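# Per-entry structural report
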Amino acid sequence: KVREPIEVGGKLGGLLYIDLSKDGAPFEDGVQRLAMEIRAISGTSMSVTPEPATASGAPHPQRRRAPETAAAEPLPTTRKVASLSVEEVCIVLANLGLGKYEAGFRALPVSGAVLATVDDADLREAGMDAGMHRKALLHHIKEFQAGGVPLEMLVSVKGLVAERVKGSKDIGLIISLMGAHTPSAGVQENGCVSLRGLTDDKDGKDPNKMAVAAKGGIEAVLTAMGAHESIAGVQENGCGAVRNLARNAENAAAIAAQGGIAAVLRAMGAHASSAEVQENGCFALSNLSNNAENAAA
């Protein structure tokens, strides 16, 4: 606390201050007075040498010292390979041009901690059959262990595509991107979600149902379901898309001809504990059975 007889003063943010604006003495005298008060309170010895007055004899205006700030720590640019999740390992694979092996890495699964210890035989087990690909990945792993995984390697291009597909109303774009990114569960799930939403009309003559079929949407949905049988989200929304598309008689026949009935049954068998897969699968089979040939199948 600032002692009397000083009337205006106190502590703000750990700094002792005195308002000198009401002092009649020159500015330098005020600084000396403040210094004496600080010495009296802290019991320390200090000297203050006031700045000389200006040429006109007027005191210099009070100068404020810029607050001292700690130097900002540099932002990290890498991650330790052992810290990566399975999803991040798959993103790295894709960015290295090895995305076709993603399914095998997910199935084991291969996290960063596992990736850091793999050898050639382990990569074979993960489904990486090309020797040059195994050699290239082992080389990259060695680099990652020495210098870390660059953060740009963890940006999912497929994730960006998946977000672009999600909620899109451009049927041609959705089907095209699904075809270009079959190994990506995220792209396939979001594609099925979008096609399901665009065909969610109980009218069998809904133009979207016919447009989706005409542009290859039935094949895209069934391909997604076949490529990601273990992913409940793909199966749920794939069955949901089949459910909606099958309200159209021509679509129902086309779905059956392309193996859609078997795909729905596989989804229901693989995800017996998922109420959403079971519900959409049952409705899909119900709509497909409205076709006499499908009902017999």
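Residues numbered from 1 in each chain as written. Predicted model: local features only at pLDDT ≥ 70, side-chain atom pairs only at ≥ 80, totals over all residues. Heavy atoms only, no water.

Residue Leu-108 is joined to Pro-109 through a cis peptide bond whose omega torsion reads -10°. Within the secondary structure, Pro-109 is located in the loop between α3 (102-107) and α4 (112-115). (Helix = DSSP H or I, 4+ residues; strand = E, 2+ residues; numbered from the N terminus.)

What follows is about the packing of aromatic side chains. A full pass over the atoms with the stated rule returns zero aromatic pairs. Seen from the ring of Phe-283, Arg-243 lies directly overhead, with NZ or CZ sitting 3.9 Å from the centre. (Phe/Tyr/Trp six-rings, centres within 6.5 Å; stacked < 30°, edge-to-face > 60°. Lys NZ or Arg CZ within 6 Å of the ring centre and 35° of its normal.)

Those residues of helix α13 (residues 249-257) lying buried are Asn-251, Ala-252 and Ile-255. Looking down the long axis of α13, one finds its buried residues gathered within 100° of arc, a one-sided arrangement. Exposed and oriented more than 90 degrees from the buried face of α13 are Ala-249, Glu-250 and Ala-257. Where α13 starts, the residue carrying a side-chain oxygen 3.0 Å from the main-chain nitrogen of Glu-250 turns out to be Asn-248. Following α13 by one or two positions, Gly-259 adopts a phi angle in the positive range, close to 85°. (Buried < 20%, exposed > 50% of the residue type's maximum accessible area, 1.4 Å probe, protein only. Arc of directions from axis to C-beta. Polar contact = N/O pair within 3.5 Å; in protein donor to acceptor, adjacent residues only side chain to side chain.)

A few words on the confidence of the model for the protein. When the pLDDT values of the protein are averaged, the result is 82; 73% of them are 70 or greater. Taken as a whole, residues 1-14 scores under 50 in pLDDT and shows 23 contacts with residues more than four places along the chain or in a different chain. (pLDDT = per-residue confidence, 0-100. Contact = heavy atoms within 4.5 Å.)

Here we take up the nonpolar core. With 35 residues, the main nonpolar core has Met-178, Leu-195, Val-221, Met-225, Val-242, Ile-255 and Leu-288 as its most contacted residues. Ranked by residue count, the leading element in this core is helix α11 (residues 217-227), at six residues. Setting aside chain neighbours within four positions, we find Ile-255 in contact with Ile-218, Leu-222, Val-242, Leu-245, Ala-246, Gly-260, Ile-261 and Leu-288. Among the nonpolar cores identified, the runner-up in size contains 22 residues, and Val-81, Val-89, Phe-105 and Leu-123 belong to it. (Core = buried A, V, L, I, M, F, W, Y, C linked by side-chain atoms within 4.5 Å.)

Turning to the packing of helix α12 (residues 232-245) against helix α15 (residues 275-288), a few remarks are in order. Their axes nearest at 8 Å, the elements α12 and α15 cross at an angle of 25°. If you check the angle between α12 and α15, you find them roughly parallel. α15 is crossed by α12, and the crossing has left-handed handedness. Here Ala-232, Gln-235, Glu-236, Cys-239, Gly-240, Val-242 and Arg-243 of α12 lie close against α15, whose contacting residues are Glu-276, Val-277, Glu-279, Asn-280, Gly-281, Phe-283, Ala-284, Asn-287 and Leu-288. (Axes fitted to C-alpha atoms, helices over the stretch in contact; angles between N-to-C directions. Parallel < 35°, antiparallel > 145°, perpendicular 65-115°, else oblique. Left-handed = near helix turned anticlockwise from the far one by under 90°.)

This part takes up the pattern of salt bridges. This model, assessed by the stated rule, comprises eight salt bridges. In this structure, Arg-106 and Glu-102 form a salt bridge, with 2.8 Å as the shortest nitrogen-oxygen distance. Of the two residues, Arg-106 and Glu-102 are both situated in helix α3; the distance of four residues between them amounts to about one turn of the helix. Given a relative accessible area of 29%, Arg-106 falls into the partly exposed group. Looking at Glu-102, the relative accessible area reads 4%, which means it is buried. Ionic contacts of the salt-bridge type, sharing partners, join the residues Glu-87, Glu-102 and Arg-106 into one network. (Salt bridge = Lys/Arg side-chain N within 4 Å of Asp/Glu carboxyl O.)

A separate point is the packing of helix α8 (residues 171-180) against helix α9 (residues 185-198). At a minimum axis distance of 9 Å, the contact between α8 and α9 shows a crossing angle of 155°. Regarding the angle of α8 to α9, the classification is roughly antiparallel. Helix-helix and strand crossings are classified by hand; for α8 and α9 the assignment is left-handed. Contacts from Ile-171, Ile-174, Ile-175, Leu-177 and Met-178 in α8 reach Val-187, Gln-188, Gly-191, Cys-192, Ser-194, Leu-195 and Leu-198 in α9. Split into classes, the residues belonging to the contact of α8 with α9 amount to nine nonpolar, three polar and no charged. (Nonpolar A, V, L, I, M, F, W, Y, C, P; charged D, E, K, R; others polar.)

Secondary-structure assignment places Asn-190 in helix α9. Overall, Asn-190 belongs to the buried group, its relative accessible area being 12%. Those residues within four positions of Asn-190 in sequence are excluded, and the remaining contacts are Ala-162, Glu-163, Val-165 and Lys-166.

A word on the environment of Leu-138. For Leu-138, the position within the fold is in helix α6 (residues 131-147). In this structure the C-alpha to C-alpha distance between Leu-138 and Asp-120, which are 18 residues apart in sequence, comes to 7.7 Å. Leu-138 has contacts with Val-118, Asp-119, Asp-120 and Leu-123, leaving out every residue within four places of it along the chain.

With respect to the helices and strands, Asn-280 occurs in helix α15. At a separation of 3.1 Å, a polar atom in the side chain of Asn-280 contacts the side chain of Arg-243. If near-sequence neighbours (up to four positions away) are discounted, Asn-280 is found in contact with Arg-196, Glu-236, Cys-239, Gly-240 and Arg-243.

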